[in-house]
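Residues per chain are reported as follows:
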Amino acid sequence: MNKPIDFGTPLKHSDTHVSLEIDGQEISVPKGTSVMRAAMMAGVTVPKLCATDSLEPFGSCRLCLVEIEGRRGYPASCTTPVDAGMKVHTQTPKLADIRRGTMELYISDHPLDCLTCAANGDCELQDMAGAVGLREVRYGYDGANHLKAEKDTSNPYFTFDPAKCIVCSRCVRACEETQGTFALTIQSRGFDSKVASGIENFLDSECVSCGACVQACPTATLMENTVIEHGTPEHSVTTTCAYCGVGCSFDAEMKGEEVIRMVPSKNGGANHGHSCVKGRFAWGYATHKDRITTPMIRKSIKDPWQEVSWEEAISYAASELKRIEAKHGVGAIGAITSSRCTNEEVYVVQKLVRARFGTNNVDTCARVCHSPTGYGLKQTLGESAGTQTFDSVMQSDVIMVIGANPTDGHPVFASQMKRRLRQGAKLIVADPREIDLVSSPHVKADYHLKLRPGTNVALISALSHVIVTESLVNEDFVRERCEWDSFEMWRDFVAKPENSPEALEKDLGIDPQTVRAAARLYATGGNAAIYYGLGVTEHSQGSTTVMGIANLAMATGNIGREGVGVNPLRGQNNVQGSCDMGSMPHEFPGYRHVADDATRALFEAAWGRPLSKDPGLRIPNMLDMAGEGSFKALYCNGEDIAQSDPNTQHVTHALESMECVIVQDLFLNETAMYAHVFFPGASFLEKNGTFTNAERRISPVRRVMTPKNGYEDWEITAMLSNALDYPMPYRHASEIMDEIAALTPTFRGVSFEKLDRLGSIQWPCDDEHPEGTPIMHVDEFVRGKGKFFITQYVPTTERVTQKYPLILTTGRILSQYNVGAQTRRTNNVAWHPEDLIEIHPHDAEERGIQDGDWVGITSRAGETVLRACVSERMQPGVVYTTFHHPESGANVITTDNSDWATNCPEYKVTAVQVSRVSQPSEWQREYQAFSKEQKAFAGKQPSKAQVE
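With respect to the overall build of the protein
At step 1: Broken down by element type, the protein carries 30 helices and 36 strands.
At step 2: Here the C-alpha radius of gyration of the protein, 29 Å, is about what a compact globule of 948 residues would show, namely 30 Å.
At step 3: Taken along the three principal axes of its C-alpha coordinates, the protein extends 90 × 70 × 65 Å.
At step 4: Taking all 948 residues of the protein together, the buried fraction comes to 63%.
At step 5: Here the contacts in the protein between residues at least 6 apart in sequence split such that 72% fall between residues at least 24 apart.

In structure tokens form, the structure reads like this:
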């Protein structure tokens with residue numbers, strides 16, 4: 001298996017080049033380049049153990065010594081920068097003697113079990129022993145050694161074997177430099193030196209299992225358990241992670257069709273060789289026993305499932321849709337796409353609805369997370385997407401994080417952000433909760449704006465007030481790049497006394513001077529970037545806040561170059577892509593309104609059918625109409641609305657009321673328990689396609705194994721469309737992308753061939769930008785002139801009362817992903833086996849609640865029971881939970897409140913009461929019984945947690 005070249009030290013960027021001679025070869029390299037990297041660039045290999053090009057040089061192994069004419073001694077090539085005219089010799093008799101002696105010392109304290117070692121054939125120590133010509137070891141094992149050191153097998157994904165450690169510090173440095181967790185250290189000195197995790201084992205330490213240490217280890221000291229069990233991989237296929245919106249590139253390393261490990265690709269544009277615990281290790285769900293690989297049908301949800309052939313399942317689903325169409329009309333039918341699906345899969349689903357049924361009744365799970373981003377940024381800047389590349393953060397001087405928790409939700413990007421913060425960038429965090437970025441090892445926020453949930457718009461108004469009234473506006477930028485009339489209206493609005501930090505202190509709960517200081521820092525601290533997440537969008541004023549963030553960026557000139565911008569952190573892997581592909585009921589692919597005659601004519605010509613100009617039903621509309629009896633059929637592709645959407649009991653009532661629910665997924669998820677047709681889906685390892693991440697990066701998803709269900713997901717939709725008498729004669733996912741490119745201006749230059757050649761592309765990709773657009777709005781905004789909008793703060797109608805005195809807000813945790821369907825079926829449950837309710841000590845004491853107690857959480861919508869976690873991360877009056885386990889019922893208590901512009905649910909503000917209880921809620925008892933029944937209908941045994 002070919003591996004990428006390791007140049008030993010990182011690439012240096014410089015406009016100045018230096019010429020030198022290495023082993024008689026002339027080479028010119030950027031100033032600051034190490035001698036080792038220069039040698040590698042010249043095709044000269046220098047032995048090394050402690051050096052790797054993902055880490056800064058360390059100079060401890062003493063293998064990479066060289067001779068430099070005119071210099072005394074034998075400097076380490078990894079720590080020696082090149083100099084003009086330098087003459088370097090990497091191979092001399094003296095160097096060979098020194099290197100063999102050094103290797104002898106390493107081998108004398110290392111097990112000689114190469115033939116049975118998991119790293120055999122993939123071990124740098126083994127390689128270097130051969131490279132330096134070591135043939136004998138003069139030192140025996142009679143003296144002191146480390147060969148009997150105990151293994152640490154506590155981590156479910158990798159083993160630490162200190163007997164094989166050469167104390168090169170690569171794992172420690174990877175934890176510091178790459179990940180930024182600082183969980184590892186070198187303990188003691190001299191012969192007693194050893195790698196330590198701070199406490200007894202890896203599992204209980206601060207280690208976040210990102211895999212950086214395993215990746216960096218040159219021996220079998222840190223080794224994936226899958227490699228120990230199955231042996232060294234034989235070949236690899238590059239693909240894209242199917243978890244969060246960072247969109248990490250991975251090399252799936254294989255034996256035949258079996259994945260042995262997922263290794264983050266060094267050439268990954270979003271991750272540069274780094275990963276998190278989910279992408280690196282939590283891919284075992286693809287082969288989990290719970291996967292359903294055979295289609296199933298039934299007449300009623302009270303009936304057992306019947307396994308059938310694909311032909312029977314497709315035929316039955318098509319006949320039911322035709323029956324409902326004939327009886328109730330096409331308005332009674334709709335579809336939901338998923339942000340877990342590829343662009344190509346999403347595209348064919350919305351095409352099926354629009355071209356076959358002639359309606360726009362298609363919506364996406366992106367509705368319930370980032371639809372305010374699409375609306376707000378389209379209005380202000382002209383494009384429904386973030387402005388930067390992730391790498392842009394390395395040029396930021398001030399970073400503002402609003403309503404996002406990057407270390408848990410977007411951990412690989414968070415590591416890059418923390419690296420910039422350690423270099424000196426300033427940090428402003430606006431969050432009701434004390435997230436890790438507020439205060440963690442080597443990173444501390446300069447300002448934590450601990451606002452009350454639901455007051456984002458008030459905070460933006462207060463920050464804007466300071467910038468305007470203290471004359472911190474970049475008027476030159478505004479006059480040149482923005483609509484001056486809209487700016488004047490906005491300026492006059494935010495300058496009003498009622499928008500001052502002092503006037504809004506009661507709403508925000510933040511000291512006005514802290515708000516003022518944060519505003520000054522953002523406006524005057526240099527390149528300032530805003531990163532925001534669901535804590536901004538999932539509110540009744542989500543769209544207003546997004547527009548307010550764009551106003552801030554425009555007013556201070558922080559847009560259109562490196563290090564600045566408005567950057568939404570998308571939750572799932574393809575939130576951006578599912579929106580790009582036309583999953584909203586009012587937009588065709590490329591964010592073009594269905595009422596636009598020219599756009600509609602374009603698609604009508606391509607698809608061969610008349611298309612509706614009327615916006616279709618959003619998910620909430622579908623559910624409301626289903627409950628009323630007028631919406632009858634739903635094709636739900638990869639989405640689990642019964643767990644992820646608000647007011648669970650309303651959702652399940654709607655599903656029960658439908659006549660034909662078709663679910664396409666890997667597992668019998670919560671929505672599938674209400675389905676009549678189940679199409680087994682394909683995992684990301686079994687399909688071809690593309691994902692588009694939060695920075696508009698289109699990345700290839702490549703099939704590494706045969707689909708266990710027999711088909712890729714787009715093929716299933718095409719088969720259903722064919723059975724509905726609308727042919728979709730695609731032969732490969734690449735043909736779907738070709739059609740997308742032909743019909744969508746921002747994707748005009750995208751093709752599978754180009755993606756395989758370049759690795760990834762950030763749209764817009766067209767004739768003007770054939771290799772993509774890393775930074776948006778450089779010379780002008782997409783809409784021409786940027787437009788300011790008035791952002792009047794309107795408090796949410798979800799208010800605390802005597803009956804419901806606390807505010808519940810929700811979020812995610814590092815080890816779990818979204819509704820947990822994937823991560824719960826991996827060893828990630830070792831870190832998060834259940835959802836907890838975090839409560840401040842003051843609120844807990846008032847209610848007689850102690851850490852670990854079972855507590856009931858009651859809202860206007862429902863009640864559930866969770867275990868309490870008493871934590872000062874919360875502010876008094878606010879409680880917090882995650883939503884990764886279906887039996888938790890987090891969305892049983894969230895309400896139907898939503899964003900005024902997009903219907904994005906207001907997950908982040910729910911008035912609740914919390915009290916000690918001794919038994920599950922009524923909903924939980926009913927859920928357990930229903931779930932057990934449905935799993936039995938499918939021949940699946942309920943999990944232990946569900947039984948209990």
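Moving on from the coordinates now.
A look at unusual backbone geometry
A negative phi angle is the norm for most residues apart from glycine, just as the trans form is the norm for most peptide bonds.
At step 1: Of the consecutive residues Trp-763 and Pro-764, the connecting peptide bond is found in the cis state with omega at 5 degrees.
At step 2: Its place among the elements puts Pro-764 in the loop between strand E30 (761-762) and strand E31 (806-811).
At step 3: With phi around 75 degrees, Ser-169 is a residue other than glycine that occupies positive phi space.
At step 4: Its location among the elements puts Ser-169 in the loop between strand E5 (158-160) and helix H4 (170-179).

Concerning the packing of H4 against helix H12 (residues 411-422)
At step 1: The N-to-C vectors of H4 and H12 enclose an angle of 85 degrees; their axes lie 8 Å apart at closest approach. Between H4 and H12, the interaxial angle falls into the category roughly perpendicular. The residues of H12 that touch H4, namely those facing Glu-176, Glu-177, Thr-178 and Gln-179, are Ser-415, Lys-418, Arg-419 and Arg-422.
At step 2: Across the contact of H4 with H12, the residue classes tally to no nonpolar, three polar and five charged.

Quick word on the side chain of Thr-810
At step 1: With respect to the helices and strands, Thr-810 occurs in strand E31.
At step 2: When sequence neighbours within four positions are dropped, the list of residues in contact with Thr-810 reads Tyr-880, Thr-881, Tyr-907 and Lys-908.

What about a nonpolar patch on the surface?
At step 1: Judged by side-chain polarity, Leu-105, Val-137 and Tyr-139 come together as a nonpolar surface patch covering roughly 260 Å² of accessible area.
At step 2: Along the chain, Leu-105 falls in helix H2 (residues 93-108).

Considerations on the state of the cysteines
At step 1: All told, the structure shown has zero disulfides when counted by the stated rule.
At step 2: Of all cysteine sulfurs, the one in Cys-64 lies closest to Cys-78, which takes part in no disulfide; the gap is 3.8 Å.

Here we look at the packing of helix H13 (residues 456-469) against helix H15 (residues 484-494)
At step 1: Following both chains from N to C, one finds H13 and H15 inclined at 105 degrees, their axes separated by 8 Å at the closest point. It follows from the interaxial angle that H13 and H15 lie roughly perpendicular. Across the interface between the two elements, Ser-464, His-465 and Val-468 of H13 pack against Trp-490, Arg-491 and Val-494 of H15.
At step 2: Of the residues belonging to the contact of H13 with H15, the class tally is three nonpolar, two polar and one charged.

What about H4?
At step 1: Counting buried positions along H4 yields eight of ten residues, so the element is predominantly enclosed.
At step 2: Next to the buried residues of H4 lie helix H3 (124-131), strand E6 (185-187), strand E7 (194-196), helix H5 (212-216), strand E8 (222-224) and H12.
At step 3: Gly-180 lies just past H4 and shows a positive phi near 80 degrees.

Topic: the sheet that holds strand E28 (residues 689-692)
Sheet strands pair via backbone hydrogen bonds, and the direction of the pair is either parallel or antiparallel.
At step 1: In space, the three strands of this open sheet follow the order E28-E29-E30, with antiparallel pairing throughout. Two strands bound the open sheet, and with one partner strand each, they are E28 and E30.
At step 2: Judged from the four bridges that link them, E28 and strand E29 (residues 697-701) form a sheet pairing that is antiparallel. The residue bridging Phe-691 from the neighbouring strand is Ser-699, located in E29.
At step 3: The sheet contacts of helix H9 (residues 343-356) involve E28 and E29, and relative to E28 the element is tilted by about 95 degrees.

Focus on the environment of Ile-166
At step 1: Locating Ile-166 in the fold gives a position in the loop between E5 and H4.
At step 2: With 16 residues separating them along the chain, Ile-166 and Phe-182 place their C-alpha atoms 20 Å apart.
At step 3: For Ile-166, the contacting residues outside a window of four places in its chain are Leu-49, Tyr-106, His-110, Leu-125, Pro-218 and Thr-219.

Topic: the packing of aromatic side chains
At step 1: The full count for this structure, using the stated rule, is 25 aromatic pairs.
At step 2: Look at Trp-923 and Tyr-927: their rings are 5.2 Å apart centre to centre, the planes differ by 15 degrees, and that puts the pair in the stacked class. Pair noted here: Trp-923 and Tyr-927 are both in helix H29 (residues 922-937), with a separation of four residues, about one helical turn. Per residue, the accessibility class of Trp-923 equals that of Tyr-927, and both read buried.
At step 3: Members of the aromatic cluster, joined through ring pairs, are Tyr-157, Phe-158, Phe-160, Phe-202, Phe-281 and Trp-831.
At step 4: Above the face of the Phe-357 ring, Arg-356 is positioned so that its terminal group lies 4.9 Å from the ring centre.
At step 5: When the ring centre of Phe-781 is taken as reference, the NZ or CZ atom of Arg-481 above it lies at 4.6 Å.

Notes on the environment of Arg-799
At step 1: By the secondary structure assignment, Arg-799 is in the loop between E30 and E31.
At step 2: Judged by its relative accessible area of 46%, Arg-799 falls in the partly exposed class.
At step 3: The spacing of Arg-799 and Val-912 is 113 residues in sequence and 9.6 Å in space, taken between C-alpha atoms.
At step 4: Residue contacts for Arg-799: discarding those within four places in its chain leaves Arg-860 and Ala-911.
At step 5: Engagement of the side chain of Arg-799 in a polar contact is seen with the backbone oxygen of Thr-796, the distance being 2.5 Å.

A short note on the sheet that holds strand E3 (residues 67-68)
At step 1: Strand order across the open sheet formed by four strands is E2-E1-E4-E3, with mixed pairing between neighbours. This sheet does not close on itself; its edge strands, each paired only once, are strand E2 (25-30) and E3.
At step 2: Pairing analysis gives two bridges linking E3 to strand E4 (residues 87-89), with the strands arranged antiparallel. Residue pairing for E4: Ile-68 is matched across the bridge by Val-88.

Description of the layout of surface pockets
At step 1: By volume, the second largest pocket amounts to about 970 Å³.
At step 2: If you list the elements that add at least two residues to the lining of the second largest pocket, you get helix H11 (406-409), H12, strand E18 (439-440), strand E32 (836-839) and strand E35 (878-882).
At step 3: Among the elements that take part in the lining of the second largest pocket, H12 stands out by supplying four residues, more than any other.
At step 4: In the lining of the second largest pocket, the residues fall into 17 nonpolar, 15 polar and nine charged.

Quick word on empty space enclosed by the protein
At step 1: Under the defined criterion, the tally for this structure stands at ten cavities of 30 Å³ or more.
At step 2: For the largest cavity, the calculated volume is near 430 Å³.
At step 3: In terms of lining residues, the largest cavity is bounded by 32 residues, among which Gly-403, Ala-404, Gly-535, Thr-810 and Lys-908 are the most central.
At step 4: Counting only elements with at least two residues in the lining of the largest cavity, the list comes to H11, helix H18 (534-537) and E31.
At step 5: Partitioning the lining of the largest cavity into residue classes produces twelve nonpolar, 14 polar and six charged.

About the cut-offs
- Residues numbered from 1 in each chain as written.
- Predicted model: local features only at pLDDT ≥ 70, side-chain atom pairs only at ≥ 80, totals over all residues.
- Heavy atoms only, no water.
- Helix = DSSP H or I, 4+ residues; strand = E, 2+ residues; numbered from the N terminus.
- Rg over C-alpha atoms; globule rule 2.2 N^0.38 Å.
- Buried < 20%, exposed > 50% of the residue type's maximum accessible area, 1.4 Å probe, protein only.
- Contact = heavy atoms within 4.5 Å.
- Axes fitted to C-alpha atoms, helices over the stretch in contact; angles between N-to-C directions.
- Parallel < 35°, antiparallel > 145°, perpendicular 65-115°, else oblique.
- Nonpolar A, V, L, I, M, F, W, Y, C, P; charged D, E, K, R; others polar.
- Patch = residues over 30% accessible without salt bridge, like charges linked within 9 Å, V, L, I, M, F, W, Y side chains within 5 Å.
- Areas by Shrake-Rupley, 256 points an atom, 1.4 Å probe, with all protein chains shown as cover.
- Salt bridge = Lys/Arg side-chain N within 4 Å of Asp/Glu carboxyl O.
- Disulfide = S-S within 2.5 Å.
- Pairing = 2+ DSSP bridges.
- Phe/Tyr/Trp six-rings, centres within 6.5 Å; stacked < 30°, edge-to-face > 60°.
- Lys NZ or Arg CZ within 6 Å of the ring centre and 35° of its normal.
- Polar contact = N/O pair within 3.5 Å; in protein donor to acceptor, adjacent residues only side chain to side chain.
- 1 Å grid on protein atoms, 1.4 Å probe; cavity = no way out; pocket = protein on both sides within 12 Å on 5 of 7 lines; lining within 4 Å.
- Points joined across faces, edges and corners; volume = space filled by probe spheres on them.

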